[in-house]
Structures are given as C-alpha cells and as structure tokens.
Amino acid sequence: MASASEWLNLNLNRRPLSSKTWKRPTNVDEDGWLVFVQKKTKSEVSVPFDRALPHFAVAEDLVHLRRAIDAMGPRRATFMLTEHGKARSSKGASQWFSERARMAKLPAGKTSHGLRKSRMILHAERGANIHQIAAWSGHETLKEIERYTKKAERRRILTPNQSAPEPSVLETGLFLKE
C-alpha cells in the first residue's frame with residue numbers, strides 16, 4: 001500500500017512538493033478546508049478536504065489520500081514523514097520523490113513539478129478554467145497556467161458540447177510516451 005506522502009504527491013498534486021512536506025491534518029478547518037501558507041509565495045491556500053470537490057477534480061484522488069492517511073495510524077503532525085517518523089525537509093522530499101520515480105522506472109525527466117503541470121492540464125481537459133486551475137494549483141499569476149494548458153484549452157473551446165470529455169492523456173497513460 002502506498003504511503004500517505006506518495007498518494008499526496010502523486011494523486012493530489014496541486015502544490016509544489018516543498019509545500020507538502022509540512023501540511024498537518026489538524027489544519028482542516030470547521031468548513032472542511034485544508035488551510036496552510038504556501039512556502040514559495042507566503043499566500044494562504046485552501047484545499048477542499050472534508051467537503052465536495054469541484055467538477056474538474058478526480059474524486060478517487062481524495063479517497064486514496066484519506067486511505068493513506070488512515071493507514072498512517074494515529075493522526076500525525078505532518079503528512080510527509082521519513083521512514084523514521086520525522087518530518088521531511090523540502091530538499092529531502094524532492095530527493096525522495098526522485099528516487100521513487102527511478103524505482104518506478106519512469107522515463108527520465110518525469111518530476112514532481114511535471115506531475116503538478118500534468119494535473120493542471122488534466123483539469124483543463126476536464127473543463128476547469130484558468131482561474132479554477134490557479135486556485136487549485138496555488139499559482140499567483142495566470143501566465144504559467146495559460147502556457148501549460150494552451151493546447152487543452154484550444155481543443156475544449158473548439159469542441160461542441162459533449163456529455164463526457166475525451167479521456168485525458170493522464171488517464172490513458174500517453175503522457176509517458178512524450
């Protein structure tokens with residue numbers, strides 16, 4: 001079974017890895033939002049945790065995250081722990097992820113940042129607008145999101161209304177072949 005840190009990074013990849021190293025389960029407020037201050041921008045971020053997800057989110061991701069947190073046993077102060085039960089540093093978290101990517105035999109260059117980018121593309125493909133993606137990813141400006149999601153946005157705009165969107169490259173696994 002995957003650890004909470006693996007599920008948090010691989011499935012709810014909405015923040016840079018360095019922001020995930022210290023998020024505490026006790027940061028969930030009474031309205032069900034996981035609230036924390038993002039390390040890079042020093043901005044407060046709210047993530048739906050014990051509440052309904054937006055239409056573009058992948059609901060199974062939250063299910064996996066909750067299972068992983070439950071598997072950790074009694075609530076810990078930090079989601080991403082070392083094998084010795086200590087909080088991971090930002091650098092340590094990045095090194096841990098790189099090692100896990102190598103162990104999974106992912107192609108070279110598939111990074112935590114790349115997963116974050118791919119999640120933004122997935123959300124664009126699932127109908128999220130750039131403001132929703134920015135809120136989800138924690139971006140302060142829209143320029144980088146526009147660059148990442150340009151292709152998906154073009155196709156979405158030019159596609160007649162469909163009852164179901166085309167499968168994402170992330171859902172089909174085609175992104176591994178890029």
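Here the structure is shown first, and the text comes after it.
Calculation rules
- Residues numbered from 1 in each chain as written.
- Predicted model: local features only at pLDDT ≥ 70, side-chain atom pairs only at ≥ 80, totals over all residues.
- Heavy atoms only, no water.
- Salt bridge = Lys/Arg side-chain N within 4 Å of Asp/Glu carboxyl O.
- Helix = DSSP H or I, 4+ residues; strand = E, 2+ residues; numbered from the N terminus.
- Buried < 20%, exposed > 50% of the residue type's maximum accessible area, 1.4 Å probe, protein only.
- Core = buried A, V, L, I, M, F, W, Y, C linked by side-chain atoms within 4.5 Å.
- Contact = heavy atoms within 4.5 Å.

Draft legend 1. Here's a closer look at the pattern of salt bridges. Scanning the entire structure with this criterion turns up five salt bridges. Arg119 serves as the salt-bridge partner of Asp61, at 2.9 Å between the closest nitrogen and oxygen. One end of the pair, Asp61, is in helix α3 (residues 59-71); the other, Arg119, is in helix α5 (residues 112-125), with 58 residues separating them in the sequence. Here the two residues Asp61 and Arg119 agree in accessibility, since each one is buried. The closest approach of N and O atoms between Glu99 and Arg102, which form a salt bridge, is 2.9 Å. On the criterion of helical spacing, the pair formed by Glu99 and Arg102 is a turn pair, its members being three residues apart in helix α4 (residues 90-103). Classification of Glu99 as partly exposed rests on a relative accessible area of 33%. Using a relative accessible area of 54% as the deciding quantity, one classes Arg102 as exposed. In the salt-bridge network here, residues are joined through shared partners; they are Glu83, Arg88 and Arg100.

Draft legend 2. The nonpolar core, seen in detail. Counting twelve residues, the largest nonpolar core consists of Phe56, Ala57, Met120, Ala124, Ala128, Ile130, Ile133, Ala134, Trp136, Ile145, Tyr148 and Ala152. Contributions of two or more residues to this core are made by α5, α6 (130-137) and α7 (143-158). Per-element tally for this core: the top contributor is α6, with four residues. Apart from the residues lying within four places of it in its own chain, the contact partners of Tyr148 are His113, Lys117, Met120 and Ile121. Ranked by size, the runner-up nonpolar core spans eight residues in total, among them Leu34, Phe36, Phe49 and Leu62.

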